[in-house]
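Structural overview for review
The primary structure of each chain is shown beneath.
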Amino acid sequence: MLTDQELEALRLWYRQPHILEEVRRLVEQDDLVLLEEYLHMTCLFPLSRHSELPGFMKKSDGAPLFPHNLNPKVALDAWRDAIEVGWEVVEAETGLSREEANHRIAHEEQEDWERFLKSVEQRKKERGLS
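Now for a description of the structure that goes with this document. These figures come from a predicted structure and were not determined experimentally.

**Brief notes about the pattern of salt bridges**
Taken as a whole and assessed by the stated rule, the structure comprises nine salt bridges. R11 is paired through a salt bridge with E8; the nearest N and O atoms lie 3.6 Å apart. Of this pair, R11 and E8 both sit in helix α1 (residues 4-14), three residues apart, which is roughly one turn of the helix. Look at E8 and you get partly exposed, because its relative accessible area is 39%. Salt-bridge contacts for R24 lead to E93; the nearest nitrogen and oxygen are separated by 2.8 Å. Of the two residues, R24 sits in helix α2 (residues 17-28) while E93 sits in helix α4 (residues 76-94), which places them 69 residues apart along the sequence.

**Some words on unusual backbone geometry**
A positive phi is found at D30, a non-glycine position, where the angle reads about 55°. Assignment of secondary structure puts D30 in the loop between α2 and α3 (32-40). Relative accessible area serves as the criterion here: at 39%, D30 is assigned to the partly exposed category. If you check the backbone angles, L70 has positive phi at about 55° while not being a glycine. As for its position among the elements, L70 is in the loop between α3 and α4.

**Some details on α2**
In this model, α2 (twelve residues) spans 16 Å end to end at C-alpha, consistent with the 16 Å of a helix rising 1.5 Å per residue. Inspection of α2 places I19, L20, V23 and L26 among the buried residues, and these make up the whole buried set. End-on, the buried residues of α2 take up no more than an arc of 130°, which puts them together on one face. Those residues of α2 that are exposed and aimed more than 90 degrees away from the buried face are P17, E21 and E28. For α2, the elements touching its buried residues are α1, α3 and α4.

**Description of the nonpolar core**
Within soluble globular proteins, side chains that are nonpolar tend to cluster in buried spots. Counting 34 residues, the largest nonpolar core has L10, Y14, L35, L44, M57, L70 and W87 as its most contacted members. At the level of elements, α1, α2, α3, α4 and α5 (98-126) are the ones that each hand at least two residues to this core. For this core, the leading source of residues is α4, giving eight residues. Setting aside its immediate chain neighbours within four residues, L70 contacts L10, L44, L47, A78, W79 and A82.

**Quick notes on α1**
Since there are 3.6 residues in each turn of an α-helix, residues three or four apart along the chain are aligned in direction. Turning to α1, its buried residues are E6, L7, A9, L10, W13 and Y14. Buried residues along α1 cover an arc of 160° about the axis, so they all sit on one side.

**Some words on the packing of α3 against α4**
Describing two packed helices takes the angle between their axes plus the distance from one axis to the other. At their nearest, the axes of α3 and α4 sit 9 Å apart, and the two run at 125° to each other. Judged on the interaxial angle alone, α4 and α3 are oblique. α4 is crossed by α3, and the crossing has right-handed handedness. In contact with L35, E36, L39 and H40 of α3, α4 contributes W79, I83, W87 and V90. Considering only residue class, the contact of α3 with α4 consists of six nonpolar, one polar and one charged.

What counts as what
- Residues numbered from 1 in each chain as written.
- Predicted model: local features only at pLDDT ≥ 70, side-chain atom pairs only at ≥ 80, totals over all residues.
- Heavy atoms only, no water.
- Salt bridge = Lys/Arg side-chain N within 4 Å of Asp/Glu carboxyl O.
- Helix = DSSP H or I, 4+ residues; strand = E, 2+ residues; numbered from the N terminus.
- Buried < 20%, exposed > 50% of the residue type's maximum accessible area, 1.4 Å probe, protein only.
- Expected span 1.5 Å × (residues − 1).
- Arc of directions from axis to C-beta.
- Contact = heavy atoms within 4.5 Å.
- Core = buried A, V, L, I, M, F, W, Y, C linked by side-chain atoms within 4.5 Å.
- Axes fitted to C-alpha atoms, helices over the stretch in contact; angles between N-to-C directions.
- Parallel < 35°, antiparallel > 145°, perpendicular 65-115°, else oblique.
- Left-handed = near helix turned anticlockwise from the far one by under 90°.
- Nonpolar A, V, L, I, M, F, W, Y, C, P; charged D, E, K, R; others polar.

Written out as structure tokens, the structure reads:
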């Protein structure tokens, strides 16, 4: 479980203008799979560059708030909590919830699967196999 300081730091992190700009772009383009990847990985990568962290991402002694860089291989629960914060910010800023994004992704995947099956059937018909 993250501390109040860590939660607030993550809210500030996800609200950085360059992150919000990319989030809005991905939402507008309806590229929700890429949005998920961005929130879960890409925008967290800079946490490993400790010397470049903004003050709100450091403890009072200058050490990083997240010495494990929110790497899910090292700190899975902290990473999961961070992702929740990221989605909280996305919903507040764009109106898109994680649940809605997951629903839309699942719907798109189902449609892709159905299109694939139809194309298989069409190829069978063209080859006289059906």
